[in-house]
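Chains, contacts and geometry: an overview
Each chain, written out:
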Amino acid sequence: MNGFALYWRYLKMNLLAGLQYKGWPMQLIGVLVTVITDPLEVLLLFARFGSIGDWPATRVMLVYGLSLTAFGLAELFSRGFDYFPSQVRTGSFDRILLRPRSTFLQILGTRFHLHRLSRVVGGLFVIVWSLTKQGVSLKLQQLLLLLCALIGGYLVYTGIFVISSAVAFWTVQSLDWVNIFTNGSYQVAKVPPPLLPGWLRNTFTFFMPMFVCSYYPAANVCGWEGVPVGLGWLALPAGIAFFTASLVVWRVGVRHYASTGS
Amino acid sequence: MSLIVLNEICKTFKTAERPPGLFGAMRGAFMRQSKEVKALDRISFSIEEGELVGYIGPNGAGKSTTVKVMSGILVPDSGSCQVMGRVPWQQRVAHVAQIGVVFGQRSQLWWDVPVLDSFELLRDIYRISASDYQKRLCDLTDILDIGGLLATPVRQLSLGQRMRCELVASLLHNPRLLFLDEPTIGLDAVSKLALRDFLKEINQKHGVTMILTTHDMADIETLCQRVMVIGHGRLLYDGLLDGLKRQYTPERRIRAKLAGSCSLTELPGAERLEMLENEIVVYFRPEQVQAQEIIARLAAACPLQDLVVENQSVEEMIARMYREMSL
Amino acid sequence: MSWLRPCLGILRMHLRNSLQYRLAAWAQLTTNIFWGFVHAVIIVVFYRYGKQNAGVSSGMNITQAVSYIWLVQIALYLIPTFSIDREIRNKIQQGDVGIELCRPLDLYFHWFTRTAASRFGRFLLQVPPVASVAMLLPEPYRLAPPASLLSLLAAFCSLLIGFLLSCAVVGIIYVLLMQIRWGDGPVIMLTVLTDMLSGSYLPLQLWPAWAQRFLYAQPFASLLDLPLRFYLGTLAPSAFPGVALMQLAWMIIFVATGWLLMQRSLKRLVVQGG
């Protein structure tokens, strides 16, 4: 059975286990509330300040929405890596090594929580709202661009999860700083990227290409000035590159684990 | 060509030391102190296909480390290891597909879902063909009698039931080699016996090679003829269990209930005597004198009501052995 | 003062634990600083490039708004409710409440002091590094000094009351957690609500003008926003008695409600076995 099929199996199993837990509708709503209240800060600021330069709320929301949805997708499908450090601590990673499959695939399938769908849904809602308000009509090419942006973003965030949990091979504990690049990164998207301090913008463009997967595609789709046409298509390759790099880190981590034991 | 060959395997671990107390913690926050522990010290042995080997030693001796090296999840510092013609840690996926590992204290089944779901997921992980899977599942379910448990989530099973399901899970993919790490720990007497019978059967009927680490000597006695003893990372004994017994329990004893009074201070052929309430215990060396001779002499010297010939328990033997090997 | 020794004991233990996990401690520190910085950047961008000048309409200028953000980061462990004492939470979810009841302490106040002690410990560890970094940042991202010494004093005292109030809020969350069947959902919602209304997302003064009166009077403002206003100078030290009174009133209400609710739910305790 190939990798994808196995992953779907894991997914189904986690889903069934999760649905047995009676509180899941409440949890779904709970996460939804968190998702709704997150952009509230910025929306309130927009209410007070009007617009920033020539960036109305709708523009900012599009960039934010793309980041948010990509993050939500990663949370939905790749959150198994979040729980990985505790597996290293309890020694259950040994069991994963004893199975004739890629460790990456197995960890990926460890968790699947339906309630994380809320973030994806919320993000999509924001995107649709923003596009409608700006009066952008979507042709096939633009839809494709948005799809690439989301997939690229998903790969980037998954890569972050992988790297952060790979660190657990060395430190045995997950580190809080991963928050900077997960929750922190789409917070940064609440502000028009051109107006950010240079080094901050560059970090999230070149080091962790979040803006490449949200700002550039958004600018291309809506035809904003300041971003050359076609730059948005970098989203998918950037995502793949980042993800591949994270896999390398993962492999190094597994090798380290095998030579030092637990 | 032996199934498993280990040669001069060495492994050293670095453990971090954290001094106690508040000042110690503050110091530890800035500097790291570590201690080196030699877990494996030139371990060498070979195991043929079809053997059932017991692997014993006190806690921390290096048993699990050796098992980890042989299963490919730990890379040793030096030495060579070949299992089924492969170096385990270099070809992890291929190697692991042919071995099974059972941990007594950690389950490989998924906690919240029915047992059968776990089995089916394992079928997919190990890429077992549908027909093979069905056949083996039926066979194993039958022998271990877990038919009624298949629909139950694992977290609701008792330890004995869970252990049986664990065994099935580890054998679904028909491994040639099985590692068992304390499989009978915490089980009640009935489960233990059933488990041992099962292990014996698959070893003898299906030729599955097994390596059993355990603290329960009854396991060893029932199942293993060959035994390896490890202490402080070194292999201290590798041979038949009988040989070990002879080395460390040179004495047997006869416990006789007296029918009347008897005062005996010595008996020809006996090492020593112990006089209790209305019992007399005679210690003798079986290679120097036969049991029936002692019995005959004792019966002639004292009125006996009943008697029993005992070996020193294996536990006592092991304790004595650890003491003598200063483990 | 029998509660003092266990409190100190918990404090000492938390300090030691925090130091032991040094990497995690450093990581947590840098995360906090980063978060503070991100929020500061957002605020600064709005103030600098915003079309309407909210500095005038809200009564809060850019320096004050940014300082507010940093103060929130510093007070993070003291006030917000999402840092529920993990131990206690796990205990409830595993049904160990019964065991806690065997201890000869009134459960509510036992938990209250435990939360207070552990929070205070973590707070003490975070203040020096975060505050010093925040003060050394370049304008306009930095934490400005307090409006006056008296303001600082007023802020500190008010924060202390707010701290006690937040422990009371957490008390009610504990009781809610004991209604096991509801699971995480309601707690998450309540946490988000209190966080928002306490001003930890955005200073309440920057919320719409028409909501200001309500926001001032609602209980959660007394947790964080109002105390910090003293530091910034948007509330004069002379306003302290009035504000403190309101804070205390809310605290008493929450403590009483929490205690009563707990007595009721302890009576119909359902032990979740497993």
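A closer look at the overall build of chain C
The number of helices and strands found in chain C is 12 helices and 0 strands. Listed N to C, the secondary structure of chain C is α-α-α-α-α-α-α-α-α-α-α-α in terms of helices and strands. Within the span of chain C, comprising 274 residues, buried residues form 41% of the whole. Taking the contacts inside chain C whose residues are at least 6 apart along the sequence as the reference set, 81% of them involve residues at least 24 apart.

What to know about the overall build of chain B
Looking only at helices and strands, chain B features 11 helices and 13 strands. In terms of principal-axis extent, the alpha carbons of chain B reach across some 70 × 55 × 50 Å. Restricting the contact set of chain B to residue pairs at least 6 apart, pairs at least 24 apart contribute 71%.

A few points about the domain arrangement of chain B
The domain architecture assigned to chain B consists of domain 1 (4–246) and domain 2 (250–311). Domain 1 of chain B and domain 2 of chain B are separated by 43 Å when their C-alpha centres are compared.

Topic: the sheet that holds strand E12 (residues 279–284) of chain B
Pairing between the strands of a sheet comes from backbone hydrogen bonds, and it takes one of two forms, parallel or antiparallel. Residue and element names in this part refer to chain B. Taken in spatial order, the 4 strands make up an open sheet running E11-E12-E10-E13, and their pairing is antiparallel. Two strands lie at the open edges of the sheet, namely strand E11 (270–275) and strand E13 (304–311), each paired on one side alone. Between one strand and the next, the sheet's axes are offset by a mean angle of 20 degrees, whatever the strand orientation. In terms of strand pairing, E11 meets E12 through 5 bridges, oriented antiparallel. Note on E12: the bridge partner recorded for Ala270 is Phe284.

Focus: helix H8 (residues 117–134) of chain A
All names here are of chain A. With 18 residues, H8 ought to run about 26 Å at 1.5 Å a step, and its terminal C-alpha atoms sit 26 Å apart, in line with that. Taken together, the buried positions of H8 are Ser118, Arg119, Val120, Gly122, Gly123, Val126, Ile127, Ser130 and Leu131. The elements touched by buried residues of H8 are helix H2 (24–37) and helix H4 (57–78). Taken from the residues just after H8, Gly135 is the one with a positive phi, measuring 70 degrees.

Some words on the sheet that holds strand E9 (residues 234–240) of chain B
Residue and element names in this part refer to chain B. Taken in spatial order, the 6 strands line up as E5-E6-E7-E3-E8-E9 in an open sheet, and their pairing is mixed. Unpaired on one side and paired on the other, strand E5 (99–103) and E9 mark the two borders of the sheet. The mean inter-strand angle of the sheet, taken between neighbouring strand axes irrespective of direction, is 15 degrees. As judged from the 5 bridges shared by E5 and strand E6 (residues 177–181), these two strands associate in the parallel manner. Its bridge partner being in E6, Phe103 is matched across the sheet by Asp181. Those strands touched by helix H2 (residues 63–71) are strand E3 (52–56), E5, E6, strand E7 (209–213) and strand E8 (226–231), and its axis lies near 155 degrees from that of E6. Across the sheet, helix H9 (residues 241–248) lies against E8 and E9, angled at about 110 degrees from E9, the strand it touches most.

Focus on the packing of helix H5 (residues 130–144) of chain B against helix H6 (residues 159–171) of chain B
Each packed pair of helices is defined by two parameters, the angle between the axes and the distance between the axes. Residue and element names in this part refer to chain B. At a minimum axis separation of 10 Å, H5 and H6 run at an interaxial angle of 155 degrees. When the axis of H5 is compared with that of H6, the two are roughly antiparallel. Here the hand of the crossing between H5 and H6 comes out right-handed. Here Leu140, Thr141 and Leu144 of H5 come into contact with H6, specifically with Arg164, Leu167, Val168 and Leu171. Of the residues belonging to the contact of H5 with H6, the class tally is 5 nonpolar, 1 polar and 1 charged.

Thoughts on H6 of chain B
Residue and element names in this part refer to chain B. Given a rise of 1.5 Å per residue, 13 residues ought to cover 18 Å, and the 18 Å separating the end C-alpha atoms of H6 matches this to within 8%. Here H6 lies mainly inside the structure; 10 of its 13 residues are buried. Looking at H6, one finds that the buried residues are Arg162, Met163, Arg164, Cys165, Glu166, Leu167, Val168, Ala169, Ser170 and Leu171. As for H6, its buried residues are in contact with E5, helix H4 (115–125), H5, E6 and helix H7 (189–206).

Let's talk about the pairing of E13 of chain B
All names here are of chain B. Counting buried positions along E13 gives 0 out of 8 residues, so the element sits mostly on the surface. For strand E10 (residues 252–258) and E13, the ladder comprises 7 bridges, and the chain directions are antiparallel. From the neighbouring strand, Ile254 faces E13, where its bridge partner is Val309.

Structural notes on the packing of helix H1 (residues 3–20) of chain A against H4 of chain B
Following both chains from N to C, one finds H1 of chain A and H4 of chain B inclined at 165 degrees, their axes separated by 10 Å at the closest point. The angle between H1 of chain A and H4 of chain B falls in the class roughly antiparallel. Handedness of the crossing formed by H1 of chain A with H4 of chain B: left-handed. Contacts from Leu6, Arg9 and Met13 of chain A of H1 of chain A reach H4 of chain B at Asp117, Leu121, Asp124 and Ile125 of chain B. Looking at the contact of H1 of chain A with H4 of chain B, its residues break down into 4 nonpolar, no polar and 3 charged.

Focus: the nonpolar core
The biggest cluster of nonpolar side chains holds 214 residues, and the ones touching the most others in it are Ala70 of chain A, Val168 and Leu172 of chain B together with Val41, Ile43 and Ala75 of chain C. Once you skip the residues sitting within four places of it in the chain, Val168 of chain B turns out to touch Leu140, Thr141, Leu144 and Ile146 of chain B. Counting 9 residues, the second largest nonpolar core, distinct from the first, contains Ala256, Ala270, Phe284 and Leu298 of chain B.

Some thoughts on the environment of Ala270 of chain B
Residue and element names in this part refer to chain B. Position of Ala270 relative to the elements: it lies in strand E11. With 22 C-beta atoms packed within 10 Å, Ala270 lands in the buried category. In sequence terms Ala270 and Tyr283 are 13 residues apart; their C-alpha atoms lie 5.8 Å from each other. Once residues lying within four places of it in the same chain are set aside, the contact partners of Ala270 are Val282, Tyr283, Phe284 and Ile294.

A few points about the environment of Val188 of chain A
Of note, Val188 of chain A is situated in helix H12 (residues 183–188). In this structure, the C-alpha to C-alpha distance between Val188 of chain A and Arg201 of chain A, residues 13 residues apart in sequence, is 8.7 Å. Discounting chain neighbours no more than four positions away, the residues touching Val188 of chain A are Leu200 and Phe204 of chain A together with Val38 of chain C.

Some details on the environment of Ala189 of chain A
All names here are of chain A. Inspection of the secondary structure assignment puts Ala189 in the loop between H12 and helix H13 (198–207). Separated by 123 residues in sequence, Ala189 and Leu66 place their C-alpha atoms 9.2 Å apart. The residues contacting Ala189, other than those within four sequence positions of it, are Val63, Tyr64, Ser67 and Ser214.

Let's talk about the confidence of the model for chain C
Of the residues in chain C, 74% reach a pLDDT of 70 or more, and the chain-wide mean stands at 76. Here the predicted complex carries an ipTM of 0.80, next to a pTM of 0.78.

Basis of the calculations
Residues numbered from 1 in each chain as written. Chains lettered and ligands numbered in written order. Predicted model: local features only at pLDDT ≥ 70, side-chain atom pairs only at ≥ 80, totals over all residues. Helix = DSSP H or I, 4+ residues; strand = E, 2+ residues; numbered from the N terminus. Buried ≥ 20, exposed ≤ 12 C-beta atoms within 10 Å, placed from the backbone. Contact = placed C-beta atoms within 7 Å. Domains from an automatic or database assignment. Pairing = 2+ DSSP bridges. Axes fitted to C-alpha atoms, helices over the stretch in contact; angles between N-to-C directions. Expected span 1.5 Å × (residues − 1). Parallel < 35°, antiparallel > 145°, perpendicular 65-115°, else oblique. Left-handed = near helix turned anticlockwise from the far one by under 90°. Nonpolar A, V, L, I, M, F, W, Y, C, P; charged D, E, K, R; others polar. Core = buried A, V, L, I, M, F, W, Y, C linked by C-beta atoms within 7 Å. pLDDT = per-residue confidence, 0-100.

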